[in-house]
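Summary of the model geometry
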Amino acid sequence: MSDNRPIGVLDSGLGGLTVVKEVIHQLPNEDVVFIGDEARMPYGTKTHEQIISYTREMVQYLIKQNVKLIIYGCNTATANALQTLRQEFTVPMIGVIKPGSQEATKVTKTDHIGIIATESTINSKSYNKTIQEIDPKIKSLGVAAQKFVSFVENDQADTKEAKDNIEKTLEPFKDNEFDTLILGCTHFPMLKKQINDFLPETKLVDPAVSTVKVAKKYLAENNLLTNTSGHTLKLHATSDIVEFSRLAKRWLQTEIDEIDLVDIGGKDERNNNSN
Ligand code: DGL
């Protein structure tokens, strides 16, 4: 048995393309539809209720695209909305926090795991709690790195401002027992080089890798893998499509079948409500 419907991936912005890249790598025959809510990002500074409401609209949008599974690329959406929305929809949904935490607990040799993520994800303590549940002896420390999101979105990763901010933010993980760092935001794998330059000894965990492994296992166990070969890739964003398109092509380095500006119901709140 098989299921040839696409896999849906959601994120607040173009960071979710790090997850899309991993889906293409591990599941090259699956069609993918991505939605990035550029119009209302960053999610990391929004309230719990706002994040649930925006994520609900992305889920509804992906359901309309006839997806068989939704991967929450977005850590902030996973932390705030996954549990609630799993009760509202029957489509299977997989988030990044549990697989990312599991991977990090396997990687650490010193039982000290650092987490960098958006303000909202750090405040939710979702990673800390999940790591604690997996292995209570592991110490975890979360640090908010909200500015990293704008460095990626504005293509400023190689500026002096970004370098200074990255070094200042990552100082708590420098030269101490924290040997593993979870990149707890989809945008951060795009800063891997810059993070590595400052923390060359630290093992960086990108939750997308283990999340897509979980998704693949789920599809296989439920006879939901496709039986076609090759894939189509559709990228949809709610705003800033020109810049999104430019960065998507550069990051993915693969054929993209469609890049579209779409409306998922919300108005552009970025400028009035991003505090
Ligand atoms: N991409 C989101 C995440 O993984 C965060 C970026 C934002 O603040 O919107 O958490």
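Structure first, text after, so check above.
Scope of this entry: the structure provided in the associated data block. Sequence positions are assigned chain by chain, starting from 1 and proceeding in written order. It should be noted that, the model being predicted, local features are given only for residues of pLDDT at least 70 and side-chain atom pairs only at 80 or more, the latter also being counted only at that level, while totals for whole chains, interfaces and linings use all residues. Hydrogens are left out, water is left out, and the side-chain values use all remaining heavy atoms of the structure.

**Examining the site of the ligand**
If you check the shell around the ligand, you find 15 residues, and the closest are Ser12, Tyr43, Gly44, Thr76 and Thr186. The separation between an oxygen atom of the ligand and a polar side-chain atom of Ser12 is 2.7 Å. Counting of polar contacts relies on pairs of N or O atoms within 3.5 Å, with two restrictions inside protein: one atom must be capable of donating a hydrogen and the other of accepting it, and residues adjacent in sequence are counted only when both atoms are side-chain atoms. Residue Asn75 places a main-chain N or O atom 2.9 Å away from an oxygen atom belonging to the ligand. Per-residue and other accessible areas were derived by the Shrake-Rupley procedure at a 1.4 Å probe size, with only the shown protein chains allowed to occlude residues. If the ligand stood free it would expose 300 Å²; the protein chains cover 100% of that surface. Both site types are read off a 1 Å grid over the protein atoms alone. A 1.4 Å probe that fits but cannot get out defines a cavity, while an open set with protein on both sides within 12 Å along at least five of seven lines defines a pocket; lining residues have an atom within 4 Å of a point. Whether a molecule sits in a cavity or pocket is decided by its atoms, more than half of which must lie within 2 Å of the grid points. The site holding the ligand turns out to be the largest cavity. What counts as a helix is a DSSP run of H or I of at least four residues, what counts as a strand is a run of E of at least two, and both are numbered from the N terminus. If you list the elements that add at least two residues to the shell around the ligand, you get helix H3 (75-86) and helix H7 (146-153). In the scheme used here, Gly and all other residues not listed as nonpolar or charged are polar, with Ala, Val, Leu, Ile, Met, Phe, Trp, Tyr, Cys and Pro taken as nonpolar and Asp, Glu, Lys and Arg as charged. Counted by class, the shell around the ligand contains six nonpolar, eight polar and one charged residues. To be near a molecule or strand, a residue needs just one of its heavy atoms within 4 Å of it.

**Focus on helix H8 (residues 160-170)**
Each α-helix turn comprises 3.6 residues. Residues three or four places apart therefore point the same way. Listing the buried residues of H8 in full gives Ala162, Ile166, Thr169 and Leu170. Buried residues in H8, looked at end-on, bunch into an arc of 85 degrees, giving them a common side. When the buried face of H8 is taken as reference, the exposed residues oriented beyond 90 degrees from it are Lys160 and Lys168. The secondary structure elements touched by the buried residues of H8 are strand E5 (112-117), strand E6 (139-144), H7, strand E7 (180-184) and helix H9 (192-198). Throughout, exposure labels follow a simple rule: accessible area from a 1.4 Å probe, protein chains only, divided by the maximum for the residue type, with under 20% read as buried, over 50% as exposed, and the rest as partly exposed. What the arc measures is the spread of directions leading from the helix axis to the C-beta atoms. It only takes one pair of heavy atoms within 4.5 Å for two residues to be counted as in contact.

**Side note on the nonpolar core**
Definition used in this section: a nonpolar core is a set of buried Ala, Val, Leu, Ile, Met, Phe, Trp, Tyr and Cys residues joined via side-chain atoms within 4.5 Å. Of all hydrophobic cores here, the largest spans 51 residues; its most connected members are Leu17, Ile116 and Leu170. At five residues, helix H1 (residues 17-26) tops the list of elements feeding residues into this core. Among residues more than four places away in sequence, those in contact with Leu17 are Phe34, Met190, Leu235, Phe244, Ala248, Trp251 and Leu252. One finds Leu62, Ala77, Ala81 and Leu85 within the second-largest nonpolar core, a separate group that totals 24 residues.

**With respect to empty space enclosed by the protein**
Grid points are joined across faces, edges and corners, and a volume is the space filled by probe spheres set on the points. Going through the model one piece at a time under the given rule, you end up with two cavities of 30 Å³ or more. Roughly 80 Å³ of volume is contained in the largest cavity. Of all the elements in the fold, those that place two or more residues in the lining of the largest cavity are H3 and H7. Looking at the lining of the largest cavity residue by residue, the class counts come to six nonpolar, eight polar and one charged. Together, Thr18, Val19, Gly73, Asn75, Val96, Leu183, Cys185, Thr186, Asp206, Pro207 and Ala208 line the second largest cavity. Every element with two or more residues in the lining of the second largest cavity is listed here: H1 and helix H10 (207-221). A breakdown of the residues in the lining of the second largest cavity according to their chemical character gives six nonpolar, four polar and one charged.

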